[in-house]
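A look at the structure
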Amino acid sequence: MAEAKTLKEQFWDPVAGFGVTFRTMFKKVVTEQYPFEKLPTAPRFHGRHQLNRWPDGLEKCIGCELCAWACPADAIYVEGADNTEDARFSPGERYGRVYQINYLRCIFCGLCIEACPTRSLTMINEYEIANDNRQDLIWTKEDLLAPLLRGMEQPPHPMRLGDTEQDYYVDAPRLARKWGYPDPVKGEVK
Ligand code: SF4
Ligand code: SF4
C-alpha cells in the first residue's frame, strides 16, 4: 500500500516546483531569433569550405587530391589537369580542373583542410547551406572558389606576382605588397 503524502509533499513541493518557473519568467530570454537575427559564430567555427586564391586571382589548388584522400566520409572529388602557358589557372604545373564537395556526406571534421599543402582549402564561418534537394548539396568548384577581390583577375591568366612558383610559395606577401595588391584577408570584393 502506498504511503500517505506528508503535508510538505502535498502543499510545499508543488509550490517549490512552480517557483523555478516563476524565477525563469523574469530572467533574460536566451532564445536566438534565427533566421531573423543572424549572430556571428565563434571565430574558428567550421562552416562551409572555400578554395582560396593568390593575390593576383590565380587559384591555390594544385589538384593533388590530398584533401580527398584525407576525407573519412569520401565527400571530396578532385580531378587535376596541367596548366599551359596559354591557359594558366595556378602558379605551378597542375591545377584542380574539377573540384566537388558532397555536403550530404561531409561531417565538417576539418581533416581535408589540414591535409591541403597549399592552404587552398579552408573552412569559413558560413553555415547556411541547407537545401531541399540532393543535387544542390554537391558543391562544385565554381560554388567553392573565393570571390575575386579588388586587384584580382579571373583565371586563366599569366603569373603576375613573379616568374616562378617559388615566388608565390615563398615570397607572395612581399611581392603582393610590391605590386600593390591588397591584403587578401582584408581585401574588398570586386
Ligand atoms: S570536413 Fe571532413 S568530412 Fe567534410 S570534406 Fe573535409 S575531411 Fe571530408
Ligand atoms: S584543395 Fe588542397 S589538398 Fe585538395 S586538391 Fe587542392 S591543393 Fe590538393
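Residues numbered from 1 in each chain as written. Chains lettered and ligands numbered in written order. Predicted model: local features only at pLDDT ≥ 70, side-chain atom pairs only at ≥ 80, totals over all residues. Heavy atoms only, no water.

**Here we look at the site of ligand 1**
Around ligand 1, a shell composed of 13 residues is seen, among which C71, C106, C109, G110 and C112 lie nearest. Grouping the amino acids of the shell around ligand 1 by side-chain chemistry returns 11 nonpolar, two polar and no charged. (Near = heavy atom within 4 Å. Nonpolar A, V, L, I, M, F, W, Y, C, P; charged D, E, K, R; others polar.)

**Remarks on the sheet that holds strand β3 (residues 94-102)**
Strand order in the open sheet formed by three strands is β2-β3-β5, with antiparallel pairing between adjacent strands. Strands at the two margins of the open sheet, each flanked by one partner only, are β2 (76-82) and β5 (138-140). Along the sheet, successive strands turn relative to each other by an average axial angle of 20 degrees, direction set aside. The pairing of β2 with β3 spans seven bridges and is antiparallel. Paired with D82 across the two strands is R94, which belongs to β3. (Pairing = 2+ DSSP bridges. Helix = DSSP H or I, 4+ residues; strand = E, 2+ residues; numbered from the N terminus. Axes fitted to C-alpha atoms, helices over the stretch in contact; angles between N-to-C directions.)

**Here's the deal with helix α1 (residues 7-25)**
Here α1 contains 19 residues, and its C-alpha end-to-end distance of 27 Å stays within 8% of the 27 Å for a straight helix at 1.5 Å per residue. A maximum bend of about 30 degrees is found in α1 at D13, where proline P14 lies one to four positions downstream. (Expected span 1.5 Å × (residues − 1). Bend = angle between axes of the 7 residues up to and from the residue.)

**Re the pattern of salt bridges**
Charged atoms that come close allow side chains of opposite charge to pair. One pass over the structure, following the stated rule, counts nine salt bridges. With its nearest N and O atoms 2.8 Å apart, the salt bridge here joins R160 to E153. Residue R160 is classed as partly exposed on the basis of its relative accessible area of 35%. Taking the relative accessible area as the measure of exposure, E153 reaches 31% and is therefore partly exposed. In this structure, D171 engages R174 in a salt bridge whose closest nitrogen and oxygen atoms are separated by 2.8 Å. Of the residues examined, D171 reaches a relative accessible area of 23% and is grouped as partly exposed. Beyond isolated ion pairs, a larger network of salt bridges with shared partners links K38, E126 and E128. (Salt bridge = Lys/Arg side-chain N within 4 Å of Asp/Glu carboxyl O. Buried < 20%, exposed > 50% of the residue type's maximum accessible area, 1.4 Å probe, protein only.)

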